[in-house]
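Descriptive structure summary
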Amino acid sequence: MDTAHGVWPMIDVRLKKSFPSLSLDVTFQAPVDGITALFGRNGAGKSSVVSAIAGALKPDAGRIAIGEREFFNSASGVNLAVEQRRVGYVFQDSRLFPHLSVGANLTYGLKRYRGVPKIEATAAIELLGLDHLLARRPHTLSGGERQRVAIGRAILAQPSLLLMDEPLAALDPPRKAELLPYIELIREKLGLPVIYISHDFNEVMRLADHLVVMDRGLVARHGPLIELASDPEIGPLIGRFEAGTVLNAVISDHDAASELSALSFAGGDIRVPRIKAAIGTRMRIRIRARDVALALSEPPDISVSNRLRGEISAMTHREGPFMDVTVSVGGVGIRALVTTESMKRLGLQKGLSVWVLFKAVALDSRSVGFTRRDRAISSEQ
Amino acid sequence: MLLFAPLSSLSLFPGPPQFLSLSLIAGISLLPSPAELEALLLSLKVALVASFVSLLPAICIAWLLVRSQIRGKIFLNVLVHAPLVLPAVVIGYFLLLGFGVHGPIGSVLEDVFGIRLVFTTAGAMLASAVMSFPLMVRAIRLSLEVVDPGLEFAARSLGASRFDAFLSITLPLMLPGVLAGFIMGFAASLGEFGATITFASNVAGETRTLPLAIYTALQTPDGEQIAMRLVMFSSILAILALVISEVAEQWTRRMVFGR
């Protein structure tokens, strides 16, 4: 974990594959540390990339490796069988074995592992809260429980990489919210590289450390999430209303009376609904550009609880009546989506000093998540 | 063989139990003669061995037809299903050509292993196995088709080899169908007539199973009572097999899926 910057083993994915309707040409490197999100619309080719990594799909050419370990290399003819890759695969539809109990499902891969397991069954069962489910059959479980068992089964197979293929897509919002902390726990406790596939930008923002954005079979962008999420160019790929700012902050105060927590970052304090974590915990906050308003002076009589002073650093015109304005607050860019009409009315321009306003209410649990100890990983390494 | 040998002697039945002497239809006793009992037990033996021997090949063929990417699947499918559509006598004749004393396989079996199929119980078993094979394959194949290949892939991603995944995941999940296939095969073997009489002939105690015994009885003057009794045994056995198949399938389904 203390490896010097730049020499972490990498997930190396380079592959080409032609389909009748899609031509896949994907190249990305990601650190083995943390969660790499593979994001893109349906049909962007995410699933094919995951299949190729797992060994279900043979690329026409390329190389797939985790650190030194090559799964596939068309140049040297390496192509490991699925079972030799030891990729923990968490499927959207969980794929628990219906004839086995939860306990037997969990240990299916563990039994087939020759070596000293790094993750013991008892540890995984405790981590995922599966203790009371062990004797049950999969069909008696709820969707969320099923996915927890699937995650436990995958990590107990002692994988070198965890592939999560839209693990939350089949769940309703409350179940999603229930499962997210478990995935964060996996990232925190196991130090296992995770490739997380999703078409839901909220999930990606909440979980990912590294982002690979796919579009029509190609990698549109890839790099550390914090850098990419605020990149205006990524907007069209994730949808105008999902674009925004992601920043790291530390819990600096809990106010019991107002039930709010304060999060400090370089540009000041942000107040959010109370977070159940200790002061000093690093958090990740996502502020959607559409939730941010701009004012020329600090409005005295307004309910909005987050007001930060900054300077406009960039302005980009978007499709339709929209302007994408980036305001530098203590050196951190916060994006706001305003109408062109507002821009003209206020006379917004680069260098102008403005107040950035956003409601604490807009920062719900979906927008605030735990983050690993801060690691600025450059995409250039 | 050993299982059935003591049973085939009537000495086990010291006197006719009361219910057996009841007349079902006026004048017909339900008590089988030694010859009839012999036919009954032989039928059970032939059908059991034929079904057991067919089981593994049937599972393999079903797998090839459903999961493999081999060429010539249609040819294999047609070959397996031929006994369903061809006259049984034709199948018996083909068996004679292949497994007869002068046939390419039959002569090797006889010369090298000293096994003769014509006129023997083993021959009756082969004829029954071939005739009931398509039914068995069909039932097993249907059960394999509903097993999600995604589960096999999941098993392999967890470190199981292809064969391990088949044994630990696919086979248990298709067990109800395998069981149904086995019992279907068994029931069909009990009724096999045409191929058996053509290939293995009609030898009392060797190849004269229930259907052949019924046929023989009908050919004999005053054999109607015997025929009627054998027909009843035959029907009871067939219906029993179907009921057991149904119950067993539901039972395994509950075992496998817990519902």
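Cut-off values and rules
- Within any chain, residue numbers begin from 1 and follow the written order of that chain's sequence.
- Chain letters and ligand numbers both follow the written order, the letters beginning at A and the numbers at 1.
- Thresholds applied to this predicted model are a pLDDT of at least 70 for local features of residues and 80 or more for the giving and counting of side-chain atom pairs; totals over whole chains, interfaces and linings are not thresholded and use all residues.
- Just so you know, side-chain values use all the structure's heavy atoms and leave hydrogens and water out.
- Throughout, exposure labels follow a simple rule: accessible area from a 1.4 Å probe, protein chains only, divided by the maximum for the residue type, with under 20% read as buried, over 50% as exposed, and the rest as partly exposed.
- We count a stretch as a helix when DSSP gives it H or I for four or more residues in a row; a strand needs E for two or more, and each element gets its number in order from the N terminus.
- In this description, strands pair whenever DSSP reports at least two bridges between them.
- What counts as an axis is a line fitted to C-alpha atoms, over the stretch in contact for a helix, and the angles between N-to-C directions run from 0 to 180 degrees.
- A pocket here means an open set of points on a 1 Å grid, computed over the protein atoms alone, that has protein on both sides within 12 Å along at least five of seven lines. A cavity is instead a set of points where a 1.4 Å probe fits but cannot get out; residues with an atom within 4 Å of a point line either one.
- Grid points are joined across faces, edges and corners, and a volume is the space filled by probe spheres set on the points.
- Classification convention: Asp, Glu, Lys, Arg as charged; Ala, Val, Leu, Ile, Met, Phe, Trp, Tyr, Cys, Pro as nonpolar; all other residues, Gly among them, as polar.
- Like charges within 9 Å and nonpolar side chains (Val, Leu, Ile, Met, Phe, Trp, Tyr) within 5 Å are joined into patches, using only residues over 30% in relative accessible area that form no salt bridge.
- Note on areas: these come from Shrake-Rupley sampling with a 1.4 Å probe, and a residue is covered only by the protein chains present in the view.
- In the sections that follow, a salt bridge refers to a side-chain nitrogen of Lys or Arg positioned within 4 Å of a carboxyl oxygen of Asp or Glu.
- What pLDDT reports is the predictor's confidence in each residue, on a scale of 0 through 100.
- In what follows, a contact means two residues having at least one pair of non-hydrogen atoms within 4.5 Å.
- One less than the residue count of a helix, multiplied by 1.5 Å, gives the span that helix is expected to have.
- A 3.5 Å cut-off defines polar contacts: any pair of N or O atoms within that distance qualifies, except that in protein one atom must be a possible hydrogen donor and the other a possible acceptor, and neighbouring residues in sequence count only when both atoms are side-chain atoms.
- As a working definition, buried area equals the accessible area (1.4 Å probe) given up by two parts on being put together, with both sides summed.

With respect to the pairing of strand β20 (residues 353-358) of chain A
All names here are of chain A. When you tally the buried positions in β20, you get 5 out of 6 residues, the bulk of the element. In this sheet, β20 lies alongside strand β16 (residues 293-295) in antiparallel orientation, the contact comprising 3 bridges. Residue Leu-294 lies in a different strand from β20, and its bridge partner there is Val-356. Both strand β17 (residues 306-317) and β20 contribute to a ladder of 6 bridges, which runs antiparallel.

Notes on the sheet that holds strand β19 (residues 332-339) of chain A
Residues and elements named next belong to chain A. Overall, antiparallel pairing links the 5 strands, which are arranged β16-β20-β17-β18-β19 in an open sheet. Two strands in the sheet have a free side with no partner beyond their single neighbour: β16 and β19. On average, adjacent strands in this sheet sit at an angle of 45° to one another, irrespective of strand direction.

Quick look at empty space enclosed by the protein
Where empty space is left becomes clear once a probe the size of a water molecule has been rolled over the atoms. All names here are of chain B. The full count for this structure, using the stated rule, is 1 cavity of 30 Å³ or more. The space that makes up the largest cavity amounts to roughly 30 Å³. Taken together, Phe-99, Gly-100, Val-101, Gly-106, Glu-110, Ile-115, Arg-116, Leu-117 and Val-118 form the lining of the largest cavity. By residue class, the composition of the lining of the largest cavity is 5 nonpolar, 2 polar and 2 charged.

Some remarks on a nonpolar patch on the surface
Together, Leu-84, Val-85, Leu-86, Tyr-93, Phe-94, Leu-96 and Leu-97 of chain B line one region of the surface with nonpolar side chains, adding up to about 660 Å² of accessible area. Locating Leu-86 of chain B in the fold gives a position in the loop between α2 (73-85) and α3 (88-99).

Some words on the confidence of the model for chain A
Residue and element names in this part refer to chain A. Averaged over every residue, the pLDDT of chain A is 85; the share at 70 or more is 91%. Averaged pLDDT values for the elements of chain A fall to 68 in helix α9 (residues 235-238) and rise to 95 in helix α3 (residues 102-111). Confidence over residues 1-7 falls short of pLDDT 50; this stretch has 11 contacts with residues more than four positions distant or in other chains. Throughout residues 373-381 the model reports pLDDT below 50, and contacts reaching past four residues in sequence, or to other chains, amount to 20 contacts.

Notes on helix α10 (residues 224-257) of chain B
Over its 34 residues, α10 of chain B extends 49 Å from the first C-alpha to the last, a length consistent with the 50 Å expected when each residue adds 1.5 Å. Positive phi shows up at Gly-258 of chain B, right after α10 of chain B, with a value of about 70°.

Some details on the environment of Thr-252 of chain B
All names here are of chain B. Mapped onto the fold, Thr-252 is located in helix α10. Separated by 73 residues in sequence, Thr-252 and Leu-179 have C-alpha atoms that sit 8.3 Å apart. Dropping the residues within four chain positions of it, Thr-252 is found in contact with Leu-175, Pro-176 and Leu-179. At 2.8 Å, the side chain of Thr-252 forms a polar contact with the backbone oxygen of Ala-248.

Remarks on the interface of chain A and chain B
Counting residues at the interface gives 22 residues for chain A, matched by 23 residues for chain B. Summed over both sides, the interface between chain A and chain B buries roughly 2000 Å², with carbon and sulfur atoms accounting for 64% of that surface. By the criterion of area lost to chain B, the three top residues of chain A are Glu-83, His-99 and Tyr-108 of chain A, representing 29% of everything that side buries. Put simply, chain A and chain B have 2 salt bridges between them. A salt bridge links Arg-112 of chain A to Asp-164 of chain B; its shortest N-O distance comes to 2.7 Å. Of all the secondary structure elements, the ones that give two or more residues to the side of chain A that touches chain B are α2 (82-85), β7 (87-90), α3 and α5 (143-156) of chain A.

Overview of the pattern of salt bridges
Side-chain pairs of opposite charge can arise whenever the charged atoms involved come near each other. In total, this model carries 24 salt bridges over all chains according to the counting rule given. Note that Asp-12 of chain A and Arg-14 of chain A form a salt bridge whose closest N and O atoms lie 2.6 Å from each other. In this structure Asp-12 of chain A comes out as buried when scored by relative accessible area, which is 6%. We note a salt bridge from Glu-110 of chain B to Arg-116 of chain B, for which the minimum N-O separation is 3.2 Å. Looking at Arg-116 of chain B, the relative accessible area reads 39%, which means it is partly exposed. Several salt bridges share partner residues, and in doing so they unite Asp-12, Arg-14, Arg-63 and Glu-70 of chain A into one network.

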